[in-house]
Structures are given as C-alpha cells and as structure tokens.
Amino acid sequence: MKRQDHLPQRIGHLSSFETTKTGVTLNTEDELVDVVFYTEGSVRIRARKKGGDDQTFSYAVVATPGEVDFSLQDEAHALILASNQLVVKIEKAPLRFIFMTPEGAVINEEEEKLGIMWIGHEVGSYRKLQPGERFIGLGEKTGNLDRAGKAYQHWNSDSFAYAHDEDPLYLSTPFYMGIHSGLCYGIFFDNTYRSVFNFGASNNRFSSFTAPDGEMDYYFIHQPGIGKIIEDYTHITGRPELPPLWSLGFQQCRYSYYPQKEVMNIARNFREREIPADVIYLDIHYMDQYKVFTWDNKRFPDPDGMVRELKEMGFHVILIVDPGVKVEEGYKYYDEGLAGDLFAKYPDGTNYTAKVWPGWCHFPDFTNPKTRDWWGESYKIHVDNGIEGYWNDMNEPATWGKRIPDIVEFEYEGHKATIRKANNVYGMQMARSTFEGVRKQLNGRRPFVLSRAGFSGIQRYAAVWTGDNIANDEHMMAGIRMLTAMGLTGIPFCGYDVGGFAGEASNELFARWVSIGAFSPFYRAHSMINSRDAEPWAFGEEVEEISKNYINLRYRLLPYLYSCFYETAMSGMPIQRSLAIEYPHEKRVYSGAYQNQYLFGPNILVAPVASTRQTIKVFLPEGDWYDLYTDKYYNGDHEYFVPTPKERLPVFVRGGGVVLMQSKINHTKEKPEPTMEVHVYNGAAGDFLYFEDDGETYEYETGNYYRRHLKFDGEACTFSLSEVEGSFKSKFSHAKLYFHGFGDESLNVQLDGQTLEIKKEDYRFIEPISDLDPWHFEPDQSNVVKELPYAIFALKDGEMKLNW
C-alpha cells in the first residue's frame, strides 16, 4: 500500500536489533532507533527515518554516554533493557517504549495505539496520561507551576510587554518533569525546531511533544527525587561556572543612562545614600548611531576615564550588545563581516538584511565557528575600556516586522540549516561567542554575560532574565513562577526587571518588588525610556528606606548566596527552588495560593505577595520554621495567616538550617568586618556547605578556595564544623554563632575535635522587637529605619565567638 505522508504514520515493527556498549540499536523497515544509557537513571531515545540526514550534533548536550551496567532480555513480544535504576521495556510490534522502576512500577509509557508518529516531516511522541499526573518545568513560560491541561510552544520571540499568559517568549528549554503515584521523571526533547508540548490540552488521552521537522531525539530521566533529576539533566546539558561575586550584587539599569555625567550622578547617588550596588548598565544610547562596538563620543567623551572612576567607586559597567551589524561601508565590523563571509544568507548567497535599531543590518551567523571567534575578538575595544560584563539583547533574533523569512540559511556547524532550525539556538550561540571571546581576553578573570534568548545549555554561558515585563502585580508574580521554572530546567542564574520595564510602578509595587528581588538569583532594577525615574530613591523616602533595607539584607546574605552558587556549579541545583523539588507529591505546593512560594537556597523560604495585599496565607511544609525577622516559631505542614505591610515580605528559615551573614557593605569590593555571623536554627538535621574564594578568578579550579561543612544534628542537639578544605585564606577571621529556637535545650558545639556543652544557665536571651514594627518609618527621627532584629541566644559574655 502506498504510504500517505499527509496522514499520521506510526513507527514500524522491530525487524532486528544490535547490542552496543551503551545500549541497543533497533531497526524497523523505515526507521533506525538508538537506545543509549547516559547514567543509571537516564537514557537517550533517538528515532529517525532511514535515508535522512543522520546528524548527531547537538548544541545542548555536552555529556557522553557513561559506563552503565545493564542487561538485555529478548522476550517474545518485547526487549527488556535494565540498569540498576531504570527498566526500559521495548514492545516489538510496533515499537513502543515503557519506562519502569526495577520493581515493575510504570513511570511513563507511550500511548498504546499512538507512540512515536510522523506526519510528513513532523515528528511526535504521544504518551499515556497517568492518573493525577502533574507536569512542571519548561523554563521561561507563563502560567501555573503545574502545566497540566495546557500546551506550550518553543520559539524564541521578541515579546515586548507580553501578556501575563503569553506564549512563546524569549527562551526555549524543552525539558519537563512528570509527577504521579509517588514517582517522578524528566524528559528533554533535543530538537531545536518550533516544538509543541501538550500536557492534556483539549484531550484526556495523552501528553505529547512534537516538532515540524528533525529527529525524535529525547532523554528520559528517572531518579527518586526532582533534585536528582535536575542533577542528571544538567549533567547532560551542562552547568554554569561560578559567576563573579560582583554579579550577585544589586544592579541598576535604565533604557538609557546618558550622557556620561548622568551615569556618574547615578553612581554618586547610590554611594551618598549608602544604598549598596555593584553594577550600572549602559543601554543602546552609549553607541554611535546604535552601531555595536562603538562609542558616541559626544555623549561619552571619556569612556576609559568613566569606567576607571566607577571602578574606584566599586561599580562595574555592563554594556548592551545587540547582534545586528549596520550596513555601512567603512564601518569596521560591517566590512570585516563581509570580508569574512560571516553573515546569515539567503539561498542565493545574498546576505540577509533587516531593520533594527541602527537601521538596515546584517546578522552574524553564530552557528559558524569563524563568526563566533570574530565576534568574541570584537569585544576587545570594550575589554580595553575595562569592562567585564555584557548584555546580549535582541538575540531571538529580533527584527522590525518580527518575521525572518524561512529561507534564511545558517552554517550550523557544517550542517546547513534554515532559520526554522537555527532560530532557537541563535541567542545561545551569540552568548557563547560573547562568553568565550571575553573570557579569553580577561587574563584569568571571570566574565559576566546576560542573555535574553537561549536554548537548553544556555546556563553554560550566561545568566537570563525574563525580558520586557510590565509594571504590575500580575507580572511581578508571573515572573517569580518563571524563575522557579527556569531553575527546574537547569538555568539557576535568572531574574526579572525589578519594578517592571514597561509602564510605571507605583510606590507600593516598587517596594514589594525590590524586597522580593532581594531573594532572586539575579537582582536588577530596569525601566523604559520616557517613563518616570525608577531608582530606589525615586519613589519617596519611605520606599527608599525599604529598598535600602532589603538591598542591605541581600549583601549581608552574600556568604550564604555565593555558597549556593557553588552548589549550583557542582550539581545544577537551582538558587530559587520551587517547593516541588523537595515536596513534589504535596498538593498544596501546586495550589494557586501557594505556587509562588520558593526556597532561596536550601534554608530560606520566601512567600511573595502582591503589593495590594496586607495579609496573606502561607503554607509551611513539614518541619520547623522560624520568622527571619522575629524568630517566631511555626510548626510545619500547616497554613498560617501573616501580615504583609509593604515593608514586610514574609520570609522564613528552616529548622535545622544554617544561614550565614556578613556585615553591611556598599559593594562587593568593600571588605566586610572580619567576623561572620553563623545563624543556627533548631530543628531536624541540616548540612550547609560554605564556599569562599577570591570571587573573580578561576583559581578555585586548582584548589585555591575555602570550603567547610556546617552540620546540625537535631536529635543529638549538636552543631559541628568540618575541617577547612582548600588553600584560600578567608576574608573572615572569626565567626559568631547565633542559636535560634533552642529554649531549654543544651547544645553541643563540636570544633577541632573538641566538644563544648552549652546549657540553659549559660544563656542570656536577647528579646526580639516583637511589639514594635522594626521597619517603621519615622520622618522626624533622622529618616532612619531600625535595623533588622534577630532573636538570639548568646553566651553571657557575648555571642559565642570562634576562630574561622
């Protein structure tokens, strides 16, 4: 019978198979399928038509198959491929994949009558919906934490002032996790075409992922917990390096700060007002007619001097760099791009041309290694200015008209492709070019790159933010969920424009947003041209003081936060952590009332709240919890009403957890006081890994770091510090221990092999400011808001102090 390619065609029957060192290769009449183990719990399924383009190249994947012990049984109707952690049952007629635990429980399976299908070039995988199945992940997507009942597409798009439920946006990460029946799994679809993920939208039969072309190439991951699935996923797609410490500070941006005098005025305002900050951004107006790698010499007559003076004040400058290269003979980068044949093209070899900020532009083909090398080297002008941070914007790629013709071609590492395949990786490869090129020029210092667009693996090169959001509560709350979803998909360094880019924030909205932003991985305020000023002091004295307090708190938490970034570099665990990571089967985590809550690192729980709310209900998971500001104790696995005036963001600390703090500083180059605060909270067992290095070089890779475990054993009521690892000398010479919530209990502190028992009679109790509002603003009293209070137990002669 003649094949009807315009109708769905299911994958064929198994005709033969061959065992390999890492799995098995399957043959049908028309298809070839590879089943390859990468770890004990992760396996790649790659199905393609015979006679097609056999392309094994991937921009996303950096891992290679591991040495996994597995068995293969050839039964009458199925092949059984099994590791110690995962069983893949492959039905033969037709091919159908069922993923099970070693005990035989079905984790996930293809729909019995559908499975892998083609409609012409379109390929899809149709998978049986499990009872009560939830779906999380997909990265930068609007909507609920649980994606069930919805469909989403991946197509990087310029989405100015997007609706709170708009899709797609700027970033594509086709990875999700399914949760049901006490089990969880992850699927990464490594296909860069415009893919669609359907989680039971408009049907009650299946979930699916499809693409209009390319291969059915996906990775199935099963682990006992969500955190371990993320660890396997980031093993496959890569993890970020440690960022420079200064990039964790507060960053101030506007479209645009100019001329040079205005930039310096902004910097002086921060320092005179003693509001900590580390970064000032320059948007497109610093350039000569918006041409990349140039300066407008009238607006910025002395960029070298400006950057040097800002560095002396503790500021780094980050420059925006867009991909469009102006078509202009005599313009250095246009001429070089033409001579090197480095731009994207039409099929007849003509360079593709479209309008963006400079006018008519050509667009570098970042899928060509020659182009990436050239672009990376082109940053020399700005590296020579002393600039170490770069902001790649408009790299979806964006053009006026928002419709690049499908026939535009890219080199794609020697496998020529059109924009249909290259669109979703364009921004990622631009960020890669920036990161790799600048890193080579910084003489061992770490660069910082911020990208608007990307694909799975972007975390290896850049931080990401949620683009051109709007100044309203809906966007603020949607941005929180987008960040937690990006963390679930391997992108830990992410943020939103605090205060909203489009529109104008009210005083109350900015106060709330800047407090929530203090507990985000990437902390930047940004606003649009022709709108009100949006620096912390632009919203009045009260909001300025609220902003100052939360930004100060962010800087005090840097020892904790930087240690969390080290954990991310080692394991892929996100900074902003959905509660679904630790509590995937707790239904309240997915409730509309609580889905915005998240953990900031392992021990701090943040309950975001809209600026219009004066009280909210929070859900605290099982365990012991303490109010960060007052030490009020809360028993977990319960819901509580808490007050939320604009100066008070609900923040809680996990019992058994450790939180590290330093003294206030104005920027990260300023040295804190030599004594670090170690806050220990009574509860279950906890283990926090502290990490410190110089914060700017790669010397940590060769052992020049300071690392130690801080452990609390709730059952034995013992706190201990491990031996120091590494050769780096800490900036702290001593540490003060603050013990929270211990009451009548005695505590054993173990250090250097010795145990010190601290009893109740050795304590004095420092009363929290519980009957006063610690944030109360009193304009007739020096305009100073009181410091954050901490209820602590301490030794009679002062807090317990030890050598660090």
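Refer to the structure presented above.
Residues numbered from 1 in each chain as written. Predicted model: local features only at pLDDT ≥ 70, side-chain atom pairs only at ≥ 80, totals over all residues. Heavy atoms only, no water.

Caption draft 1: Region of the structure containing helix α7 (residues 419-441). Relative to the 33 Å expected for 23 residues at 1.5 Å per residue, α7 spans 31 Å between its end C-alpha atoms, a close match to the ideal helical length. The largest bend along α7 measures about 50° and falls at valine 425. Among the 23 residues in α7, 17 count as buried, and that is most of the element. Just past α7, the residue asparagine 443 takes up positive phi, approximately 55°. (Helix = DSSP H or I, 4+ residues; strand = E, 2+ residues; numbered from the N terminus. Expected span 1.5 Å × (residues − 1). Bend = angle between axes of the 7 residues up to and from the residue. Buried < 20%, exposed > 50% of the residue type's maximum accessible area, 1.4 Å probe, protein only.)

Caption draft 2: How the structure looks around helix α9 (residues 507-517). Counted residue by residue, α9 has nine buried out of eleven residues, so it is predominantly covered. Listing the buried residues of α9 in full gives Leu509, Phe510, Ala511, Arg512, Trp513, Val514, Ser515, Ile516 and Gly517. Against the buried residues of α9 lie α8 (473-488), β32 (494-498), β33 (522-525), α10 (541-556) and β35 (598-600). (Contact = heavy atoms within 4.5 Å.)

Caption draft 3: A look at the pattern of salt bridges. Evaluated as defined, the whole model comprises 46 salt bridges. For arginine 46, the salt bridge is made with glutamate 215, and the minimal N-O distance between the two is 2.8 Å. You can see arginine 46 sitting in strand β5 (residues 42-49) and its partner glutamate 215 sitting in the loop between β18 (206-211) and β19 (216-222), a full 169 residues away along the chain. What makes glutamate 215 buried here is its relative accessible area of 14%. Of the charged contacts, one joins aspartate 694 and arginine 446 as a salt bridge, the two residues approaching to 3.8 Å between their closest N and O atoms. Taken together, the positions of aspartate 694 in the loop between β44 (686-692) and β45 (706-713) and arginine 446 in the loop between α7 and β29 (448-451) put the pair 248 residues apart, joining distant regions of the chain. (Salt bridge = Lys/Arg side-chain N within 4 Å of Asp/Glu carboxyl O.)

Caption draft 4: The packing of aromatic side chains, seen in detail. The full count for this structure, using the stated rule, is 74 aromatic pairs. Summarising the aromatic geometry, the rings of tryptophan 357 and tryptophan 400 are spaced 4.9 Å apart at their centres and angled 90° between planes, so their arrangement reads as edge-to-face. Of the two residues, tryptophan 357 sits in the loop between β24 (353-356) and β25 (359-362) while tryptophan 400 sits in the loop between β26 (389-392) and β27 (409-410), which places them 43 residues apart along the sequence. Overall, the relative accessible area of 40% leaves tryptophan 400 in the partly exposed class. A cation over a ring is seen here: lysine 49 above tryptophan 118, with NZ or CZ 4.2 Å from the ring centre. Over the ring of tyrosine 258 we find arginine 299, and its NZ or CZ is 4.4 Å from the ring centre. (Phe/Tyr/Trp six-rings, centres within 6.5 Å; stacked < 30°, edge-to-face > 60°. Lys NZ or Arg CZ within 6 Å of the ring centre and 35° of its normal.)

Caption draft 5: Main features of the packing of α9 against α10. It is the contact of α9 with α10, at a shortest axis distance of 9 Å, that shows an interaxial angle of 5°. The angle between α9 and α10 falls in the class roughly parallel. Contact with α9, carried on its side by Asn507, Phe510, Ala511, Val514, Ser515 and Gly517, involves Val543, Ile546, Ser547, Tyr550, Ile551 and Arg554 of α10 and no other residues of that element. The residue makeup of the contact of α9 with α10, split by class, is seven nonpolar, four polar and one charged. (Axes fitted to C-alpha atoms, helices over the stretch in contact; angles between N-to-C directions. Parallel < 35°, antiparallel > 145°, perpendicular 65-115°, else oblique. Nonpolar A, V, L, I, M, F, W, Y, C, P; charged D, E, K, R; others polar.)

Caption draft 6: Structural view of the nonpolar core. If you look at the biggest cluster of nonpolar residues, it comprises 208 residues, and the most contacted ones within it are Ile226, Leu310, Trp375, Phe519, Val678, Phe719 and Trp804. Sequence-distant contacts of valine 678, that is, excluding residues within four places in its chain, are made with Val658, Val659, Leu660, Leu710, Phe719, Ala735, Lys736, Leu737, Tyr738 and Trp804. Judged by nonpolar contacts, the second largest core, of 39 residues, contains Phe37, Tyr193, Phe197 and Ala211. (Core = buried A, V, L, I, M, F, W, Y, C linked by side-chain atoms within 4.5 Å.)

Caption draft 7: Region of interest: the sheet that holds strand β2 (residues 16-19). Strand order in the open sheet made by the eight strands is β2-β3-β4-β5-β19-β16-β15-β12, with antiparallel pairing throughout. At either margin of the open sheet sits one strand with a lone partner, and together these are β2 and β12 (134-137). On average, each strand axis in the sheet is tilted by 20° relative to the strand beside it, whichever way the strands run. Judged from the eight bridges that link them, strand β4 (residues 31-39) and β5 form a sheet pairing that is antiparallel. When the sheet's bridge partners are listed, threonine 39 is paired in β5 with serine 42. (Pairing = 2+ DSSP bridges.)

Caption draft 8: Structural context of the environment of lysine 402. Looking at where lysine 402 falls in the secondary structure, it is placed in the loop between β26 and β27. Classification of lysine 402 as exposed rests on a relative accessible area of 53%. Taking the C-alpha atoms as reference points, lysine 402 and serine 157, 245 residues apart in sequence, are found 8.0 Å from one another. Other than its neighbours up to four places away in sequence, lysine 402 contacts Asp158 and Phe160. In this structure the side chain of lysine 402 is engaged in a polar contact, spanning 3.2 Å, whose partner is the backbone oxygen of aspartate 158. (Polar contact = N/O pair within 3.5 Å; in protein donor to acceptor, adjacent residues only side chain to side chain.)

Caption draft 9: Representation of the packing of helix α4 (residues 332-340) against helix α5 (residues 369-378) within the structure. Where α4 meets α5, the axes come as close as 11 Å, and the angle between the chain directions of the two elements is 160°. Taken together, the axes of α4 and α5 lie roughly antiparallel to each other. For α4 against α5, the interelement crossing comes out right-handed. Seen from α4, the contacting residues are Tyr333, Glu336, Gly337 and Gly340; seen from α5, they are Lys370, Trp374 and Ser378. Among the residues making up the contact of α4 with α5, the classes are represented as two nonpolar, three polar and two charged. (Left-handed = near helix turned anticlockwise from the far one by under 90°.)

Caption draft 10: Local environment of the side chain of asparagine 596. Its location among the elements puts asparagine 596 in the loop between β34 (576-578) and β35. A residue is classified by how much of its surface remains accessible, and asparagine 596, at 10% relative accessible area, is buried. Other than its neighbours up to four places away in sequence, asparagine 596 contacts Met477, Ile480, Arg481 and Pro608.

Caption draft 11: Summary view of the environment of serine 125. Within the secondary structure layout, serine 125 lies in strand β11 (residues 122-128). Under the relative-accessibility criterion, serine 125 is labelled buried at 0%. When the C-alpha atoms of serine 125 and lysine 50 are compared, they prove to be 18 Å apart, with 75 residues separating the residues in sequence. Once you skip the residues sitting within four places of it in the chain, serine 125 turns out to touch Glu110, Gly115, Ser207, Ser208, Phe209 and Met216. Looking at serine 125, its side chain comes within polar contact range of the side chain of arginine 127, at 2.7 Å.

Caption draft 12: Structural context of the sheet that holds β24. Taken in spatial order, the three strands of this open sheet run β23-β25-β24, and their pairing is antiparallel. Each edge of the open sheet carries a strand with a single partner, namely β23 (325-326) and β24. Note: β24 against β25, four bridges, orientation antiparallel. Residue pairing in the sheet places alanine 354 in a bridge with cysteine 361 of β25.

Caption draft 13: Looking closely at unusual backbone geometry. That bond from alanine 93 to proline 94 is cis: its omega, -10°, falls within 30 degrees of zero. Among the secondary structure elements, proline 94 is positioned in the loop between β8 (87-91) and β9 (96-100). For the bond running from tyrosine 255 to serine 256, omega is 0°, close enough to zero to count as cis. Residue position: serine 256 is located in the loop between β20 (251-252) and α2 (260-272). One non-glycine residue, glutamine 289, lies in positive phi territory at about 55°. A positive phi is found at asparagine 530, a non-glycine position, where the angle reads about 60°.

Caption draft 14: Examining the pairing of strand β48 (residues 747-751) more closely. Burial along β48 is one-sided: the residues Leu747, Val749 and Leu751 are buried and none of Asn748 and Gln750 is. Examined bridge by bridge, strand β46 (residues 718-721) and β48 share three bridges and lie parallel to one another. Residue pairing in the sheet places phenylalanine 719 in a bridge with valine 749 of β48.

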